[in-house]
Amino acid sequence: MAPVKISIIGAGSAVFSMRLVNDLCKTSGLAGSLVSLMDIDEKRLNAVHNLATRYVKELGADLRFEKTTQLEVSLRDADFVINTAMVGGHSYLEKARRIGEKHGYYRGIDTQELNMVSDYYTLSNFNQLKFFVDLAKLMENICPNAWLLQTANPVFEGTNLIKRCSDIKVVGFCHGHYGVHEIVEALGLDIKRVDWQVVGFNHAIWLNRFSYDGENGYDLIDKWIEENSKDWKPKTPFDLQLSPAAIDMYRFYGLMPIGDTVRNSTWKYNYDLQLKKKWYGEPWGGADSEIGWQWYQERLKMITEAIDYLSSNNALKLLSLESYLKFLPKGSVPEELKEEIKIFTSKDALSGEQHIPFIDAVVNNNAQRFVINIPNKGYLSQIPDGVVVEVPALVNKSGWHVEKIDPPLNEKVVKMYLIPRMLRMEWALEAIMNGDKEILVEILLRDVRTQSYEQAVEVIEEILSLPENEPMRNHYSKKKRL
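Scoring rules and cut-offs
- Residues numbered from 1 in each chain as written.
- Predicted model: local features only at pLDDT ≥ 70, side-chain atom pairs only at ≥ 80, totals over all residues.
- Heavy atoms only, no water.
- Phe/Tyr/Trp six-rings, centres within 6.5 Å; stacked < 30°, edge-to-face > 60°.
- Helix = DSSP H or I, 4+ residues; strand = E, 2+ residues; numbered from the N terminus.
- Buried < 20%, exposed > 50% of the residue type's maximum accessible area, 1.4 Å probe, protein only.
- Lys NZ or Arg CZ within 6 Å of the ring centre and 35° of its normal.
- UniProt positions renumbered as here; feature names shortened; annotations may be inferred.
- Contact = heavy atoms within 4.5 Å.
- Domains from an automatic or database assignment.
- Buried area = accessible area lost by both parts, 1.4 Å probe.
- Salt bridge = Lys/Arg side-chain N within 4 Å of Asp/Glu carboxyl O.
- Polar contact = N/O pair within 3.5 Å; in protein donor to acceptor, adjacent residues only side chain to side chain.
- Nonpolar A, V, L, I, M, F, W, Y, C, P; charged D, E, K, R; others polar.
- Pairing = 2+ DSSP bridges.

## Here we look at the packing of aromatic side chains
Phase 1 of the analysis: Tallied over the entire structure, the rule returns 19 aromatic pairs.
Phase 2 of the analysis: On the numbers, 5.2 Å between centres and 80° between planes, the contact of phenylalanine 173 with phenylalanine 358 is edge-to-face. Pair noted here: phenylalanine 173 is in the loop between strand 6 (169-172) and helix 7 (179-186) and phenylalanine 358 is in helix 14 (residues 355-364), with a separation of 185 residues, a long-range link. Phenylalanine 358 matches phenylalanine 173 in its accessibility class, with the two residues each being buried.
Phase 3 of the analysis: Within the aromatic cluster, the residues linked to one another by ring pairs are Trp147, Phe173, Phe358, Phe370 and Trp400.
Phase 4 of the analysis: The ring of phenylalanine 252 carries lysine 412 above its face, with NZ or CZ at 3.9 Å from the centroid.

Laid out in structure tokens, this is it:
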């Protein structure tokens, strides 16, 4: 047993924070650890602290908590820092999106080819990216030996930016690789008999290896496509792993896109709502359409209201499913929310997030397999060293040990998808690291939606003029370096 201090930045994101608390409670090797909950929203922070302390008490777990609105306080003596903060929240993202749409950019300027995810902003999200760097530099001074577990989006740009501005130990996390499990379930296979690898960049990973009992698993995928794909219907806007878009990408690239990669493709699937519905399914057209994202926002509101209810009613037992369900009108609780609740009401179920098992592996030498975002060091021979790649690795006390990538990604995936995606990351970082506004304009000039230079300039200027973007405005007007 090795107690540590874990700082959760942006802890007001209640569901994610409670997933981490759930996993900590059920990881005996980390008993006695201190969890520092940090958020600038005191109301949300208090709600999460209330739920976390009650949950630990009900489970009889050995965890201690502190709460603070001060970043420096949370970082003091931290061994691991989990950054889940979204500067400005979804309200800023929607404000920037509306400005983009006003100027003719469907779904906003940060909806870019090969990067369509609705909270993965790389052009207008200066405050978020700057916070990543500021956090890493604070860690250098306050807890230089701590690990930074980068979780907040954009993970690809964010981890690369942090590595270029700081020497702190950083690893990026996502759960997109669970798309493999969705395929396995749809095919009716036993996951224990599947040998699989995924590799690429965050939100840009591909199923390079897939076998079942030693046989080619892609043959089973082909059979499912032939016999069952015509009957596919999405259960939620995020249920896209076997959508027409995913299958079409597979046919073009020769490998299956996994997880959010399905959402991040070319304009072929994304010009407008009707096209999104064709490729991502009725009635939403995927998670990133105006309908799909509204669905997501409504679910967030529902969860926030439930969290407020639970945190203000201390008599409710958090380990009782009925405590959650009685709050909402009968029949109104979505199935996916019920599945989430089952994790918390179980005595031993983990959330599926990789953060706490990763900490356990490093601290207690409890070696486990993860899919993580780390700087390339020959793992993908077709990608320059130093660029952060998402790869499977065994993690233990001595760090990560990346699996041999076998077979390697094919040339079409590398040249038509990964390299263009990498260049978009490089463009965004070149702009932000050098305060070069003209690069932002130039990126938009290469966007299929741009009709004129003036259009690109005007949308950038209006986003810069937002009151909350004063730091961004100063950074780009003075051509500052990060």
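## Concerning the UniProt feature "site: Increases basicity of active site Tyr" (unreviewed entry) in the protein chain
Phase 1 of the analysis: Taking the UniProt record as the reference, the feature "site: Increases basicity of active site Tyr" (unreviewed entry) is found at Glu113.
Phase 2 of the analysis: Relative to the elements of secondary structure, glutamate 113 occurs in the loop between helix 4 (89-102) and helix 5 (126-142).
Phase 3 of the analysis: On the accessibility criterion, glutamate 113 (26% relative accessible area) is partly exposed.
Phase 4 of the analysis: Beyond its immediate chain neighbours, meaning those up to four positions away, glutamate 113 contacts Ser265, Thr266, Trp267 and Arg424.

## Details of the domain arrangement of the protein chain
Phase 1 of the analysis: What the domain assignment reports for the protein chain is domain 1 (5-175) and domain 2 (411-477).
Phase 2 of the analysis: Opposite the 30 residues of domain 1 that make contact, domain 2 presents 31 residues.
Phase 3 of the analysis: Both faces considered, domain 1 and domain 2 share a buried interface measuring about 2900 Å² in area, 64% of it formed by carbon and sulfur atoms.
Phase 4 of the analysis: Three residues stand out in domain 1 for area buried against domain 2, namely Tyr105, Leu114 and Phe126, and they jointly supply 25% of the buried area on that side.
Phase 5 of the analysis: At the boundary of domain 1 and domain 2, one finds 5 salt bridges.
Phase 6 of the analysis: For the interface between domain 1 and domain 2, the tally reads 17 residue pairs in polar contact (both at pLDDT 80 or more).
Phase 7 of the analysis: Those elements that provide at least two residues to the side of domain 1 that touches domain 2 are helix 4, helix 5 and helix 6 (155-165).
Phase 8 of the analysis: In the side of domain 1 that touches domain 2, the residues fall into 14 nonpolar, 11 polar and 5 charged.

## A short note on the pattern of salt bridges
Phase 1 of the analysis: Applying the stated rule across the entire model yields 22 salt bridges.
Phase 2 of the analysis: For arginine 164, the salt bridge goes to glutamate 426, with nearest N and O atoms at 2.8 Å. Linking arginine 164 in helix 6 with glutamate 426 in helix 15 (residues 411-434), this pair joins segments that are 262 residues apart in sequence.
Phase 3 of the analysis: A salt bridge links glutamate 411 to lysine 415, with the shortest nitrogen-to-oxygen separation between them at 3.4 Å. With glutamate 411 and lysine 415 both in helix 15 and 4 residues apart, the pair spans about one turn of that helix.
Phase 4 of the analysis: For glutamate 411, a relative accessible area of 43% puts it in the partly exposed group.
Phase 5 of the analysis: The exposed category is assigned to lysine 415, whose relative accessible area is 53%.
Phase 6 of the analysis: Taken together, the shared-partner salt bridges connect Asp260, Arg263 and Asp288 into one network.

## A few points about the pairing of strand 8 (residues 204-212)
Along any regular strand, the residues point their side chains to alternate faces of the sheet.
Phase 1 of the analysis: Counted residue by residue, strand 8 has 8 buried out of 9 residues, so it is predominantly covered.
Phase 2 of the analysis: Here 8 bridges tie strand 7 (residues 194-201) to strand 8, and the two strands are oriented antiparallel to one another. From the neighbouring strand, valine 198 faces strand 8, where its bridge partner is leucine 207.
Phase 3 of the analysis: Between strand 7 and strand 8, which pair antiparallel one after the other, the connecting turn spans 2 residues, and histidine 203 there sits at a positive phi close to 65°.
Phase 4 of the analysis: For strand 8 and strand 10 (residues 257-258), the ladder comprises 2 bridges, and the chain directions are antiparallel. Among the inter-strand pairings, tryptophan 206 is bridged to a residue of strand 10, identified as proline 257.
Phase 5 of the analysis: Where strand 8 and strand 9 (residues 215-216) come together, 2 bridges link them in antiparallel fashion. By the bridge assignment, serine 211 is partnered in strand 9 with asparagine 216.
Phase 6 of the analysis: Taking the residues that link successive antiparallel strands as the turn, the strand 8-strand 9 hairpin has 2 residues, and the phi of aspartate 213 there is positive, at about 55°.

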